[in-house]
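Coordinate inspection notes
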Amino acid sequence: MITVFGEGRGFRVVWLLEEMGLAYRLRPVDLLAGVEDDAEFLAINPAGFIPAIQDGDVTMVESIAIMEYLIARYGPTPLAPAPHDPAFPAYQQFLHLGEAGLAASIYFVVGARHFAP
Ligand SMILES: N[C@@H](CCC(=O)N[C@@H](CS)C(=O)NCC(=O)O)C(=O)O
């Protein structure tokens, strides 16, 4: 059974698990309350950010890497074109664009709007 720690960006991991019909458990992580006392979660990700997964002996963080792992290990799925498919380059590009290219700038806007004094 795959355990997903935390929502946030874990939403995309959970969405993929649902689409692939894989069994999983969502284990909530309350970042706003603080994770200092959440020993079970900190044992999985001592850095304290979400999402993280545990799948047997495998422990991973980074939502896009987790998705690539799930597709490689439990696929194939029509959601991910094969490397020789003409759609593969665009798929790879847009799979990574959100986190690698857009997230940092969006983070400042969201932080300023919702968390800054
Ligand atoms: N690139 C990472 C970003 C992880 C991340 O920043 N997660 C946020 C919540 S969506 C978080 O845990 N923030 C709290 C912290 O960094 O302490 C991913 O895609 O998994």
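Refer to the structure printed above.
Quick summary incoming for the structure in this document. On a predicted model such as this, the values are computed, not experimentally measured, just so you know.

1. What to know about the nonpolar core
By size, the foremost hydrophobic cluster in this structure holds 14 residues, and its most contacted members are Phe-5, Val-13, Val-29, Phe-41, Ala-52 and Ile-53. Elements with a contribution of two residues or more to this core: strand E1 (2–5), helix H1 (10–20), helix H2 (39–44), strand E3 (52–55) and helix H3 (63–74). Broken down by element, the residue count for this core peaks at three residues, all from H1. Setting aside its immediate chain neighbours within four residues, Val-29 contacts Phe-5, Gly-6, Val-35, Asp-38, Phe-41 and Ile-50.

2. Details of helix H4 (residues 88–114)
The end-to-end C-alpha separation of H4 is 36 Å, in line with the 39 Å expected for 27 residues at 1.5 Å each. Taking the largest bend as the criterion, H4 deviates by roughly 60°, centred on Leu-102. The buried fraction of H4 amounts to zero of the 27 residues, a small share that puts the element mostly on the outside.

The rules behind these values
- Residues numbered from 1 in each chain as written.
- Predicted model: local features only at pLDDT ≥ 70, side-chain atom pairs only at ≥ 80, totals over all residues.
- Core = buried A, V, L, I, M, F, W, Y, C linked by C-beta atoms within 7 Å.
- Buried ≥ 20, exposed ≤ 12 C-beta atoms within 10 Å, placed from the backbone.
- Helix = DSSP H or I, 4+ residues; strand = E, 2+ residues; numbered from the N terminus.
- Contact = placed C-beta atoms within 7 Å.
- Expected span 1.5 Å × (residues − 1).
- Bend = angle between axes of the 7 residues up to and from the residue.

Function cannot be inferred from these measures alone, as they are strictly geometric.
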